[in-house]
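Residues per chain, in single letters:
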Amino acid sequence: MRLAVQIGGLRLKNPLLAASGTFGYGVEYEGILDLSLLGGIVSKGLYLDARDGCAVPRIVETPSGLLNAIGLQGIGIRAFVKDVLPRLARYDTAVVVNVCGDTVEEYAEVARIADAPGVAALEVNISCPNVKKGGMAFGGDPRMTHEVVSAVRKATRLPVIPKLSPNVTDVTVFARACEEAGADALSCINTLLGLVVDVERRVPRLAFGTGGLSGPAIRPIAVRMAWQAARAVRIPVIGVGGITCAEDALQFLIAGCRAVQVGTANFVDPGIYARILEGLEAYLRRHRLESIDDVVGSLRFPEGEAPAEPRP
Amino acid sequence: MATRPATSAHRPPVNRDVPLVRREPLEGAYVLLTFRHPEVAERARAGQFVMIKAGTVTDPILRRPFSIMSVDPREGVFTLFLKAVGPGSRALAELRPGEESGCLGPLGQPFTAPPEDHEALCVAGGYGIAPFVLFSDELRRARRRARVFYGGRAVAELQLRAPFAALEPPLACATDDGSFGHHGVVTGAVAAYLDTRPGPVTLYACGPDAMLHAVARLAEERRLPAQVSLDPWMGCGLGTCLGCVVWIRRENETRAKYRCACTEGPVFDAREVVWA
């Protein structure tokens, strides 16, 4: 039985990655779970320098979900390369750096520094909804998306994986822009822009105002958008959004994703990777399949063909 | 790195499904819950906490942090004192013996014992009393003198008096409505005791923010060392969600930094906290 998958130039021992912003820099989970269980770890978003992030409150629970506005608090790429990478080197897992920037130039500079021994790929954060500059400002405009991804592409030899925003009318436009700019794969999706109101005080519950919604609440939207993106481009798609168990992961894989990321569920149960891997193996056995690749894109529409261009 | 390793001999917390062993309802929405978790039972120190959630439902999605009230290493169990206030704590309060919950712990930085000649003054507000059961036990074993102050709006909120029955001097209670003990806020009772010039003391506090801030002010006015256990909204317990950050300025720093209460706290030196 084979769980290994190939994402462009990135080889993963299994299709499970920890999503950016939900797994710290990986080392926080040392000793709590075996990091070598994971196909890969995507770091918390990294700029050139350390950042404080948003004011508190930063997180509020919603039905089966989590609305957050952390604002990319982080240690900066140099500290990551110097202090964290050596500690991750002892684990058999792919380290993916989530690259952020206020400007196109900063994205490229972070990418250059992140292209260090021990880093397997770069995820380009063009979809964070909780920063005033960068983030979604780039991922919400196809030309800017193309420009940022091209700049990162030129700055590194590593596989480049833009993370797409769901807060757009047609995700396939952005998927194609990334492919044209030289991306090796796509992560689909980042959080959905949301707002929770404190009705007594008549103010937003989050200090930043709006936030990004994650968790099982957004899973059907994430599966749909990852499916759309996977049909629109030739490069592999990594599905992310609300995965809590093997069945959730399989939905993305069957819909056409080559791998998946686990996000919010990391906060809930650090034992989740062992459980999902067990579930994936049990599924392959039950369906007499050799490889996880046999599952990828196997979605059928019994009532006829899927709509050629689903419209939001 | 933004995080420090946990102090419990630098051993990482342990994640496991824990069966409920015992459920002891108290008055009102209060309950004592005992779970089997050998590592928490063996290693936990006062001020540390667990992240725990009843069942596997996704609504509410997150585990909740609770101070460890007491441990029994021989039985491999620990006990929580909780008040059912929302859906997360209510689901826990309604667990039946044998039912399992996902649990990670022990987490966070514990209280540190006072110098040998100091009396520990523990100041609790509401369910902030929980860690002081374990702490007074630790202090007794370390042969430190301890005095516990327990405040609430009314006597109905002072539901955790029994574990302190053998405490000497006895538990000092305070209620806002005067229904039990000192009539007024608990920090008033502490100030009154300090006015008797009791010799060197270290303050310890766990409870609502306003009470913690009042203890910090009292410590500053009287130039006393104080440790406060902060209770901001917490998502993961491991320093990765970055939801529970608080402004902390360490002694040697020129500028405060957002630090995770879950990994660098919840117990902080009161002088290092930048109060809102």
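All values reported here derive from a predicted model rather than from experimental measurement.

Chemist: Whenever I open this one, the confidence of the model for chain B confuses me. Can you help?
Modeler: As a general rule, the predicted coordinates of low-pLDDT regions are not to be interpreted in detail. Residues and elements named next belong to chain B. Confidence along chain B averages 94 in pLDDT terms, with 96% of residues attaining 70 or more. Across residues 1-9 the pLDDT falls below 50, and counting only partners more than four positions away or on other chains, this stretch makes 20 contacts in the model. Here the predicted complex scores 0.94 on pTM and 0.93 on ipTM.

Chemist: Explain the sheet that holds strand β8 (residues 121-125) of chain A here, please?
Modeler: Through backbone hydrogen bonds, the strands of a sheet pair up, either in parallel or in antiparallel fashion. Residue and element names in this part refer to chain A. Here 8 strands make up a closed barrel; going around it, the order is β3-β4-β7-β8-β9-β10-β15-β16 and the pairing parallel. Adjacent strand axes in the sheet meet at a mean angle of 25°, parallel and antiparallel pairs treated alike. Inspection of the sheet shows strand β3 (residues 16-18) paired to strand β4 (residues 40-42) by 2 bridges, in the parallel sense. Note that in β4 the partner of Ala18 across the bridge is Ile41.

Chemist: How do you make sense of the interface of chain A and chain B when you look at a structure like this?
Modeler: Accessible area lost when the parts come together is the quantity often used to give the size of an interface. Taken together, the contact pairs 33 residues of chain A with 27 residues of chain B. Broken down by secondary-structure element, the contributors of at least two residues to the side of chain A that touches chain B are β5 (59-62), β6 (65-68) and α8 (265-268) of chain A. Class assignment for the residues of the side of chain A that touches chain B results in 14 nonpolar, 12 polar and 7 charged.

Chemist: Sorry if this is basic, but what is going on with the pairing of strand β16 (residues 259-262) of chain A here?
Modeler: Every other side chain in a regular strand lies on the same face of the sheet, so the side chains alternate between the two faces. Residues and elements named next belong to chain A. Neither face of β16 is open: one carries Ala259 and Gln261, the other Val260 and Val262, and all of them are buried. Looking at chain direction, strand β15 (residues 237-240) and β16 are connected through 3 bridges and run parallel. Bridging from a neighbouring strand, Ile238 pairs with Ala259 of β16. On the question of chirality, the crossover connecting β15 to the parallel β16 by way of helix α7 (residues 246-254) is right-handed.

Chemist: For this particular structure, what's the right way to read the packing of helix α1 (residues 77-88) of chain A against helix α2 (residues 104-114) of chain A?
Modeler: Residue and element names in this part refer to chain A. Contact geometry of α1 with α2 gives a least axis separation of 9 Å together with a crossing angle of 10°. Taken together, the axis directions place α1 and α2 in an arrangement best described as roughly parallel. Each of Ile77, Arg78 and Val81 in α1 lies in contact with α2, whose residues at this interface are Val110, Ile113 and Ala114. Each residue belonging to the contact of α1 with α2 can be placed in one class, and the counts come to 5 nonpolar, no polar and 1 charged.

What counts, and where the lines are drawn
Starting from 1, residues in each chain are numbered consecutively following that chain's sequence as written. Just so you know, chain letters begin at A and ligand numbers begin at 1, following the order they were written in. This being a predicted model, a pLDDT of at least 70 is required before a residue's local features are given, and a value of 80 or more before pairs of side-chain atoms are given or counted; all residues contribute to the totals for chains, interfaces and linings. Within a predicted model, pLDDT stands for the predictor's per-residue confidence, ranging from 0 to 100. Two residues qualify as being in contact provided that their C-beta atoms, derived from the backbone, are within 7 Å of each other. At least two bridges found by DSSP between two strands are what make those strands a pair. Going along the chain from the N terminus, every DSSP run of H or I of four or more residues is numbered as a helix, and every run of E of two or more is numbered as a strand. Lines fitted to the C-alpha atoms define the axes, with helices restricted to the stretch that makes contact. Angles between their N-to-C directions range from 0 to 180 degrees. Residue classes follow a fixed rule: Ala, Val, Leu, Ile, Met, Phe, Trp, Tyr, Cys and Pro count as nonpolar, while Asp, Glu, Lys and Arg count as charged, and any other residue, Gly among them, counts as polar. Remark: C-beta atoms are placed from the backbone, and a residue is labelled buried if 20 or more other C-beta atoms sit within 10 Å of its own, exposed if 12 or fewer do, or partly exposed between those counts. Here is how to tell: hold the view so the strands point away, follow the path from the first strand over the helix to the second, and if it runs clockwise the crossover is right-handed. Throughout, the term roughly parallel applies to angles under 35 degrees, roughly antiparallel to angles over 145, roughly perpendicular to angles from 65 to 115, and oblique to all others.

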